[in-house]
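# A structural walkthrough
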Amino acid sequence: MSRIILVTGGARSGKSGFAEHLALSHGAPRCYLATAQAWDKEMQERIERHRKRRNDGWQTVEEPLQLASTLTRLDGGCRVILVDCVTLWLTNLLLAREQEPDAEEQIIALVRDLTEQLRRMTTPVILVTNEVGSGIVPENRLARLFRDLAGRANQLLAAAADEVQVVISGLPLKLK
Ligand SMILES: Nc1nc2c(ncn2[C@@H]2O[C@H](COP(=O)(O)OP(=O)(O)OP(=O)(O)O)[C@@H](O)[C@H]2O)c(=O)[nH]1
């Protein structure tokens with residue numbers, strides 16, 4: 001069984017459901033590490049739908065920023081950890097550094113720290129991420145920065161992962 005699995009795909013591709021399905025092949029307790037924050041009512045409802053979909057075998061931990069140290073804390077305490085999702089973590093980090101000229105390199109350094117932590121983990125980890133940037137080049141600077149960051153982070157995480165799956169239209173395709 002692969003130790004570190006990266007599941008990538010577009011919005012509403014079915015990647016979270018597929019990642020949960022992979023996590024179910026591990027026994028309980030399973031840990032769900034959520035990076036999303038309930039900014040508005042729509043997001044609260046979205047989060048609520050996800051919570052209903054998970055059953056009692058899951059422990060939910062919410063952490064928008066400190067991903068690597070939270071993984072360290074959770075290591076050994078459950079049978080599998082599902083991180084949903086890397087892209088929102090990057091968004092949270094970027095919004096906290098928006099005005100800093102070296103934001104991209106600061107965040108890439110945190111992604112490298114995350115890959116090092118993943119290599120040290122004893123508990124298997126499944127990470128969900130988004131494929132962004134397949135469309136036209138965004139006009140706005142922050143959106144371009146985010147797009148580049150998301151692509152670079154995915155490459156680093158895919159290189160560190162034992163297995164990489166892309167989900168398109170609900171169907172998984174094994175890339176690595
Ligand atoms: N804070 C928090 N966020 C959660 C919880 N459960 C799920 N989420 C968030 O819900 C988000 C995923 O939901 P969606 O946006 O519906 O998924 P999607 O990526 O658009 O769709 P799929 O590709 O089909 O998975 C992730 O970013 C999670 O962090 C929770 O209990 N607490």
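About the thresholds
Residues numbered from 1 in each chain as written. Predicted model: local features only at pLDDT ≥ 70, side-chain atom pairs only at ≥ 80, totals over all residues. Heavy atoms only, no water. UniProt positions renumbered as here; feature names shortened; annotations may be inferred. Salt bridge = Lys/Arg side-chain N within 4 Å of Asp/Glu carboxyl O. Helix = DSSP H or I, 4+ residues; strand = E, 2+ residues; numbered from the N terminus. Buried < 20%, exposed > 50% of the residue type's maximum accessible area, 1.4 Å probe, protein only. Arc of directions from axis to C-beta. Contact = heavy atoms within 4.5 Å. Near = heavy atom within 4 Å. Polar contact = N/O pair within 3.5 Å; in protein donor to acceptor, adjacent residues only side chain to side chain. Areas by Shrake-Rupley, 256 points an atom, 1.4 Å probe, with all protein chains shown as cover. Pairing = 2+ DSSP bridges. Axes fitted to C-alpha atoms, helices over the stretch in contact; angles between N-to-C directions.

Labelled according to an unreviewed UniProt entry, the protein appears under the name Adenosylcobinamide kinase, originating from Trichlorobacter ammonificans. Of the comments in the UniProt record for the protein, the one headed Function (unreviewed entry) reads "Catalyzes ATP-dependent phosphorylation of adenosylcobinamide and addition of GMP to adenosylcobinamide phosphate." Under Sequence similarities (unreviewed entry), UniProt gives the following word-for-word description of the protein: "Belongs to the CobU/CobP family."

Summed over the entire model, instances satisfying the criterion amount to seven salt bridges. A salt bridge links lysine 41 to glutamate 45; its shortest N-O distance comes to 2.6 Å. Of this pair, lysine 41 and glutamate 45 both sit in helix H2 (residues 41-53), separated by four residues, roughly a single helical turn. Exposure remark for lysine 41: the relative accessible area of 58% places this residue in the exposed category.

Our next topic: helix H3 (residues 67-74). Within H3, burial applies to Leu67, Thr70, Leu71 and Leu74. Seen end-on, H3 carries its buried residues on one side only, within an arc spanning 100°. For H3, the secondary structure elements touched by its buried residues are strand E2 (30-34), strand E3 (58-62), strand E4 (80-84), helix H4 (86-97), helix H5 (103-120) and strand E5 (125-128). Among the residues trailing H3, glycine 76 stands out with phi positive, at a value near 90°.

Attention now moves to the site of the ligand. Lys15, Arg46, His50, Glu62 and Asp84 are the nearest of the 20 residues found near the ligand. Between the ligand and the protein, one listed contact pairs an oxygen atom with a side-chain N or O atom of arginine 12 at 2.8 Å. With respect to the ligand, the side chain of arginine 51 contributes an N or O atom lying 2.7 Å from an oxygen atom. Isolated, the ligand exposes 670 Å² of accessible area, and the fraction of that covered by the protein chains is 91%.

With that settled, consider the sheet that holds strand E6 (residues 163-168). Across a sheet, paired strands are connected by hydrogen bonds in the backbone, their directions being either parallel or antiparallel. Across the sheet, seven strands lie side by side as E3-E2-E4-E5-E1-E6-E7; this open sheet has mixed pairing. Each of the sheet's edge strands pairs with one partner strand only, and the pair in question is E3 and strand E7 (171-174). Across the sheet, the axes of successive neighbouring strands diverge by a mean angle of 20°, strand direction being ignored. In terms of strand pairing, E2 meets E3 through five bridges, oriented parallel. Looking across to E3, one finds that tyrosine 32 is bridged to threonine 60. Packing against the sheet, helix H1 (residues 15-24) makes contact with strand E1 (4-9), E2, E3, E4, E5, E6 and E7, and its axis sits at approximately 160° to E1.

So, about the pairing of E6. Across the six residues that make up E6, a large majority, five, are buried. Where E1 and E6 come together, five bridges link them in parallel fashion. Among the inter-strand pairings, leucine 6 is bridged to a residue of E6, identified as valine 164. Pairing between E6 and E7: four bridges, direction antiparallel. Across the sheet, residue valine 167 finds its bridge partner in E7, namely proline 172. Once E6 ends, the chain turns through two residues before running back antiparallel as E7, passing serine 169 with a positive phi of about 50°.

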